[in-house]
Amino acid sequence: ESAFIHRYEPATSAGSPPLLLLHGTGGDENDLLGLGKMISPGSALLSPRGRVLEHGMPRFFRRLAEGVFDEEDVRRRALELGDFVTEARKQYGIAAPVAVGFSNGANIAAALLLLKPDALAGAILLRAMVPLSDPPKAELGGKPILLLSGQADPIVPASNSAKLAALLSQAGARVEHKVLPSGHQLSQADVTLARNWIGNVD
Ligand code: MLT
């Protein structure tokens, strides 16, 4: 069962990669449409709502505490999201998307990259952390990944985002990791960096 409530907006310009928009805890399928348009105007936007509820707040997988994940659920939900992407690609006739994930959405995108690399063409991971303590050996074959972390992020320690960058690089991804002078929240710098990055990705 991989039906997700979602929004889909078709591309308005050929040649822009489709984006898979993955919201943070308490967000929904509408949250990141504006961000997606700012990052890559013209891209098709595929935006699912996380199916796990935490006190009524949608998320993409269960956690035991902030930053402590139910890893069995992470694995199951990431594969379920991968199935959704496969079905949506058929339904809408789109190429493998570049994920744009924030916080919990970035963490499920990182898990998806490690568990089912073919699902994504690349990823922009905003405030992501290591999603699995014992990840499978993934082959990311040069996939482009932009990881943007906040220097004063109370949820993601610097050592954790550095570890994620290393993990993805060792799996063969082309990782660009930048640490911004911000906390867990996004800033204008995130938008500018993401927009420039996606414009130059091949
Ligand atoms: C998570 O649960 O994925 C992280 O703690 C980030 C968050 O959603 O706050």
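Residues numbered from 1 in each chain as written. Predicted model: local features only at pLDDT ≥ 70, side-chain atom pairs only at ≥ 80, totals over all residues. Heavy atoms only, no water.

Asker: Honestly, the sheet that holds strand 10 (residues 144-150) in this entry has me stumped. Any pointers?
Answerer: Each strand in a sheet pairs with its neighbour through backbone hydrogen bonds, running either in the same direction (parallel) or in the opposite one (antiparallel). In spatial order, the strands read 1-3-2-8-9-10-11; together these seven strands make up an open sheet with mixed pairing. Edge positions in the open sheet fall to strand 1 (6-9) and strand 11 (174-180), since each of these has one partner strand only. For this sheet, the mean inter-axis angle between neighbouring strands, taken without regard to orientation, is 10°. Helix 2 (residues 71-92) contacts strand 1, strand 2 (19-22) and strand 3 (45-48) of the sheet and is inclined by roughly 140° relative to strand 3. On top of the sheet, helix 4 (residues 158-170) reaches strand 9 (122-126), strand 10 and strand 11; it is set at about 170° to strand 11, its chief contact. (Pairing = 2+ DSSP bridges. Helix = DSSP H or I, 4+ residues; strand = E, 2+ residues; numbered from the N terminus. Axes fitted to C-alpha atoms, helices over the stretch in contact; angles between N-to-C directions. Contact = heavy atoms within 4.5 Å.)

Asker: Looking at this structure, how should I read the nonpolar core?
Answerer: One recurring pattern in soluble globular proteins is that nonpolar side chains are buried together. The biggest cluster of nonpolar side chains holds 42 residues, and the ones touching the most others in it are L22, F84, L113, L125, L140, L164 and L168. Ranked by size, the runner-up nonpolar core spans 19 residues in total, among them L35, I39, I124 and I198. (Core = buried A, V, L, I, M, F, W, Y, C linked by side-chain atoms within 4.5 Å. Buried < 20%, exposed > 50% of the residue type's maximum accessible area, 1.4 Å probe, protein only.)

Asker: I tried to follow the site of the ligand on my own but got confused; where do I start?
Answerer: The immediate surroundings of the ligand are formed by T25, R59, F61, R63, G67, F69, S103, N104, N107 and I155. Within the side chain of R59, an N or O atom sits 2.8 Å from an oxygen atom of the ligand. In this structure, an oxygen atom belonging to the ligand sits 2.9 Å away from a side-chain N or O atom of N104. Along the lines of polarity and charge, the residues of the shell around the ligand split into three nonpolar, five polar and two charged. (Near = heavy atom within 4 Å. Polar contact = N/O pair within 3.5 Å; in protein donor to acceptor, adjacent residues only side chain to side chain. Nonpolar A, V, L, I, M, F, W, Y, C, P; charged D, E, K, R; others polar.)

Asker: Mind showing me how you'd approach the environment of P58 here?
Answerer: Relative to the assigned elements, P58 resides in strand 5 (residues 57-59). We classify P58 as buried; its relative accessible area is 12%. Expressed as a C-alpha distance, the spacing of P58 and T25, which sit 33 residues apart in the sequence, is 5.9 Å. When residues no more than four places from it in sequence are discounted, the contact partners of P58 are H23, G24, T25, G26, G27, R49, G50, V52 and L53.

Asker: For this particular structure, what's the right way to read the environment of V100?
Answerer: Mapped onto the fold, V100 is located in strand 8 (residues 98-102). Look at V100 and you get buried, because its relative accessible area is 0%. Measuring from C-alpha to C-alpha, the distance between V100 and L146 comes to 9.5 Å, with 46 residues separating the pair along the chain.

Asker: Can you help me understand unusual backbone geometry in this one?
Answerer: Trans peptide bonds make up most of the peptide bonds, and negative phi angles are found at most residues other than glycine. Of note, H55 is a non-glycine position whose phi angle comes to about 50°, a positive value. Positionally, H55 belongs in the loop between strand 4 (52-54) and strand 5. Accessibility expressed as a relative area gives 80% for H55, which makes it exposed. Positive phi is not limited to glycine here, since R127 has a value of about 65°. On the basis of relative accessible area, R127 is assigned to the buried category, the value being 1%.

Asker: Is there a simple way to explain the packing of helix 2 against helix 3 (residues 104-115) in this structure?
Answerer: When two helices pack together, their arrangement is given by the angle between the helix axes and by the axis-to-axis distance. At their nearest, the axes of helix 2 and helix 3 sit 9 Å apart, and the two run at 80° to each other. Taken together, the axis directions place helix 2 and helix 3 in an arrangement best described as roughly perpendicular. Between helix 2 and helix 3, the residues in contact are V74, R75, R77, A78, L79, L81 and G82 and I108, A111, L112 and L115, respectively. Among the residues forming the contact of helix 2 with helix 3, the class breakdown is eight nonpolar, one polar and two charged. (Parallel < 35°, antiparallel > 145°, perpendicular 65-115°, else oblique.)

Asker: Sorry if this is basic, but what is going on with the pattern of salt bridges here?
Answerer: Between side chains of opposite charge, a pair can form when the charged atoms approach closely. Per the stated rule, a full pass over the model turns up 12 salt bridges. Residues K37 and E9 are paired through a salt bridge, measuring 3.0 Å at the closest nitrogen-oxygen approach. Of this pair, K37 sits in helix 1 (residues 33-39) while E9 sits in strand 1, and the two are 28 residues apart along the sequence. Assessed through its relative accessible area of 42%, K37 is described here as partly exposed. One salt bridge connects R127 with D190, and the closest N-O pair in it is separated by 2.9 Å. Note that R127 is positioned in the loop between strand 9 and strand 10 and D190 in helix 5 (residues 188-200), a separation of 63 residues in sequence. Each member of the pair, R127 together with D190, is buried. A single network of salt bridges, built from pairs that share partners, joins R51, D73, R76, R77 and E80. (Salt bridge = Lys/Arg side-chain N within 4 Å of Asp/Glu carboxyl O.)

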